[in-house]
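Chain by chain, the residues:
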Amino acid sequence: MVAREAFPKGCLAMRVRDALGPLFDDEIFRSAFGVRGRPGVAPGQLALVSVLQFAENLTDRQAAHAVRARIDWKYLLGLELADPASTSPY
């Protein structure tokens, strides 16, 4: 796995993912989201981004960049490394 190679000793984001796994099952919240337009962002992902943004004292723009560019954040959120940034909801 790329994240393990990049961070052999781990880091905060990776430890959180390893300890908690996915936070919420999207099916639980499906009825809360509309069926038209772009799909909503998973509540667990939003919560994790908010927590890391606070922990690292990042602006909204910096947090959005971290989701697109940082391997450890992608690992935490369960995103593919090859996901194009243009499809990221952050």
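Residues numbered from 1 in each chain as written. Predicted model: local features only at pLDDT ≥ 70, side-chain atom pairs only at ≥ 80, totals over all residues. Heavy atoms only, no water.

1. Considering helix 4 (residues 43–55)
This is how it is decided: A run of H or I in DSSP becomes a helix once it reaches four residues, and a run of E becomes a strand once it reaches two; helices and strands are each numbered from the N terminus. Here the expected length of a helix is defined as 1.5 Å per residue gap, with one fewer gap than residues. A simple rule labels every residue: compare its accessible area, found with a 1.4 Å probe on the protein chains alone, to the largest value its type can have, and call it buried under 20%, exposed over 50%, or partly exposed in between. Directions from the helix axis toward the C-beta atoms define the arc.
For helix 4, spanning 13 residues, the distance from its first C-alpha to its last is 18 Å, which sits close to the expected 18 Å at 1.5 Å a residue. Turning to helix 4, its buried residues number three or more, namely Gly44, Gln45, Leu48, Val49, Leu52 and Gln53. Each buried residue of helix 4 lies within a common arc of 165 degrees when the element is viewed along its axis, so the set occupies one face. Facing away from the buried side of helix 4 by more than 90 degrees, the exposed set consists of Val51 and Phe54. Phi turns positive, to about 55 degrees, at Asn57, one or two residues after helix 4.

2. Focus on the pattern of salt bridges
The line we're drawing: Salt bridges, as used here, are contacts in which a Lys or Arg side-chain nitrogen is within 4 Å of a carboxyl oxygen on Asp or Glu.
This structure, assessed with the given rule, holds 3 salt bridges. A salt bridge links Arg4 to Asp18; its shortest N-O distance comes to 2.5 Å. Here Asp18 lies in helix 2 (residues 12–20) and Arg4 lies in helix 1 (residues 2–6), a separation of 14 residues in the sequence. Among the salt bridges present, the one from Asp72 reaches Arg70, with a minimum N-O distance of 2.9 Å. The class of Asp72 is buried, set by a relative accessible area of 5%. A relative accessible area of 28% places Arg70 in the partly exposed class.

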